[in-house]
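# Descriptive analysis of the structure
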Amino acid sequence: GDTVVKMLSVQPGADFSKILFQIEGTTDLKINNRGELEIKSPPGVIRVSEPKAYQEKDGIRQPVQVAYRVHDNAYGFNVTGHDPDLSLVIDPCLSYATYLGGAGEDGAFAVAADADGNSYVAGFTLSADFPSLAGDQQDIAGNYDGFVTQFDRYGEMIYSTYLGGELDDLIYAIAVDQSGSAYVTGETGSKRFPTEPAQPYDAKIGGNSDAFVAKISYDEADGAELVYSTYLGGGGSEAGNAIAVHADGTDVYAYIAGETLSANFPTTPGSLSISAGNVDAFVTKLIPDGTGLVYSTYLGGSGSDTIRGLALDQSGSAYVTGQTDSANFSTSVDPFDPDLDGPTDAFVAKIILQGAVLSLAYSTYLGGNAEDIGNTIAVDS
């Protein structure tokens with residue numbers, strides 16, 4: 001767990017050949033064909049990204065060519081083309097860093113990574129020249145469009161695609177399954193938001209804005225493809241704030257959570273609560289092809305309730321957190337905190353599905369006498 005490669009600040013005129021680090025416990029140390037440092041030890045192999053180096057002149061960073069060198073069981077650096085009269089920074093810990101955007105306004109709300117170290121970024125853009133590579137949607141369609149971009153572990157773009165219709169579309173959350181497919185949710189006001197397949201779960205917007213759920217897969221032959229995409233909402237306004245995926249064999253289920261103003265938000269029998277006519281939280285689980293619901297439920301009370309964070313355990317139970325000002329929020333029997341303590345409280349709830357029965361394993365307020373909010377959540381094994 002110790003940091004084995006550290007950032008260095010080298011003073012002008014220093015002799016780089018004297019910089020050597022020896023790592024205790026290694027059985028082998030080498031440089032692979034990608035320029036990475038491979039550190040072999042009894043627990044396994046650690047690969048450290050090829051180093052980066054730069055010098056600052058007149059407040060501007062200028063890249064400098066640098067590479068690892070190995071001497072016996074120690075490592076150092078070979079540096080070429082630098083100005084010996086300036087200090088030098090060598091940073092082996094920074095794998096890559098890049099801007100992502102076009103000439104307009106661009107913002108990223110969510111990021112995820114897969115087991116191979118590929119990263120997936122999603123958000124919104126106003127740029128007609130936002131980078132588009134092997135994308136399912138090559139051109140901006142309206143005002144704000146969502147975007148999804150995948151980078152490999154070295155920071156090279158694999159694909160980048162718009163996702164949106166003629167009005168405003170924003171992606172707030174992203175998740176990735178074991179095959180590298182990306183699942184996104186957010187908010188759209190577009191009547192022509194791209195849906196897929198020909199008969200998705202919901203092909204039409206229900207109110208001023210709906211939540212949406214989309215799955216994007218990629219292969220080298222076809223690029224990024226929209227596997228499914230559907231509206232999710234009622235006659236009011238919705239936003240999907242969080243998404244997570246759970247694999248059951250080869251089937252992958254997407255779970256979405258967020259907020260709704262709709263009295264007719266789609267729910268399945270056994271919903272944990274009903275619409276109280278204000279902002280309600282919701283949790284929805286889609287079937288693997290995205291054309292139907294496993295379950296969908298309100299969660300909340302008579303005030304305003306919204307879910308910001310969602311996580312899943314190995315059995316597919318959903319854990320959610322957010323913010324409520326409802327004095328009668330849906331709590332379980334004997335909760336940690338049964339009462340609203342301030343103007344708003346955070347909350348934590350675990351939702352389980354046993355057969356066809358949906359229930360709360362637990363649900364509790366979490367807060368003090370001021371304002372509290374839960375923004376994100378995680379679970380361990």
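Everything in this summary refers to the structure shown in the same document.

Within the chain, the regular secondary structure consists of 0 helices and 26 strands. Along the three orthogonal principal directions, the C-alpha set of the chain runs to about 70 × 50 × 45 Å. Looking at the 381 residues of the chain, the share that counts as buried comes to 50%. Taking contacts inside the chain between residues at least 6 apart in sequence as the whole, the part at least 24 apart equals 59%.

It is worth spelling out the packing of aromatic side chains at this point. A complete count under the given rule lists 18 aromatic pairs for this structure. Measuring from ring centre to ring centre gives 5.6 Å for Y159 and Y218, while their planes differ by 20°; the resulting arrangement is stacked. Highlighted residues: Y159 in strand 14 (residues 157-163) and Y218 in strand 17 (residues 210-219), separated in sequence by 59 residues. A residue is classified by how much of its surface remains accessible, and Y159, at 0% relative accessible area, is buried. Take Y218: its relative accessible area is 32%, and that puts it in the partly exposed class. Taken together, F21, Y68, Y75 and F77 form an aromatic cluster joined through their ring pairs. Cation over ring: K285 sits above Y253, and NZ or CZ is 4.6 Å from the ring centre.

In terms of burial, strand 12 (residues 119-125) is largely enclosed, as 7 of its 7 residues are buried. With burial as the criterion, each face of strand 12 is covered, one bearing S119, V121, G123 and T125 and the other bearing Y120, A122 and F124. The sheet contact formed by strand 11 (residues 106-113) and strand 12 spans 7 bridges and is antiparallel. What sits directly across from V111, in strand 12, is V121. Taking the residues between adjacent antiparallel strands as the criterion, strand 11 and strand 12 are bridged by 5 residues, where G117 takes a positive phi near 85°. Where strand 12 meets strand 13 (residues 145-151), 7 bridges bridge the pair, whose relative direction is antiparallel. Bridge pairing in strand 13 places G123 opposite F147.

In this section: a negative patch on the surface. On the surface, a cluster of negative charge is contributed by D136, E196, D219, E220, D222 and E225. Along the chain, the position of D222 falls in the loop between strand 17 and strand 18 (223-232).

Another point: the pairing of strand 14. Within a regular strand, the side chains alternate between the two sheet faces. Burial runs high along strand 14: 6 of the 7 residues are buried. With 6 bridges connecting them, strand 13 and strand 14 associate as antiparallel partners. Residue pairing for strand 14: F151 is matched across the bridge by M157. The turn linking strand 13 back onto strand 14 is made up of 5 residues, and G155 within it adopts a positive phi angle of 90°.

Reading the values: rules and limits
- Residue numbering note: each chain is counted from 1, following its sequence as written.
- This being a predicted model, a pLDDT of at least 70 is required before a residue's local features are given, and a value of 80 or more before pairs of side-chain atoms are given or counted; all residues contribute to the totals for chains, interfaces and linings.
- Each side-chain value is worked out from all heavy atoms of the structure, with water and hydrogens disregarded.
- Strands here mean DSSP runs of E at least two residues long; helices mean DSSP runs of H or I at least four residues long; both are numbered from the N terminus.
- Under the scheme applied here, a residue whose accessible area is under 20% of the maximum for its type counts as buried, over 50% as exposed, and between as partly exposed, the area being computed with a 1.4 Å probe on protein chains only.
- In what follows, residue pairs with any heavy atoms lying within 4.5 Å of each other are defined as contacts.
- Note on aromatic contacts: the rings of Phe and Tyr and the six-membered ring of Trp form a pair at centre separations within 6.5 Å, being stacked when their planes are under 30 degrees apart, edge-to-face when over 60 apart, and tilted otherwise.
- Geometrically, a lysine NZ or arginine CZ counts as sitting over a ring once it is within 6 Å of the ring centre and also within 35 degrees of the ring normal.
- Here, strands pair whenever DSSP counts at least two bridges between them.
- Residues enter patches when their relative accessible area tops 30% and they take part in no salt bridge; the joining distance is 9 Å for like charges and 5 Å for the nonpolar side chains Val, Leu, Ile, Met, Phe, Trp and Tyr.
- Residue exposure ignores everything except the shown protein chains as possible cover, and the areas themselves are Shrake-Rupley values with a 1.4 Å probe.
- Salt bridges, as used here, are contacts in which a Lys or Arg side-chain nitrogen is within 4 Å of a carboxyl oxygen on Asp or Glu.
- Asp and Glu are treated as the negative residues and Lys and Arg as the positive ones, with His and the ends of the chain left uncounted.
- Charged side chains are reduced to one point each, which is NZ for Lys, CZ for Arg, CG for Asp and CD for Glu.

Purely geometric stuff here, so don't read any function into it on its own.
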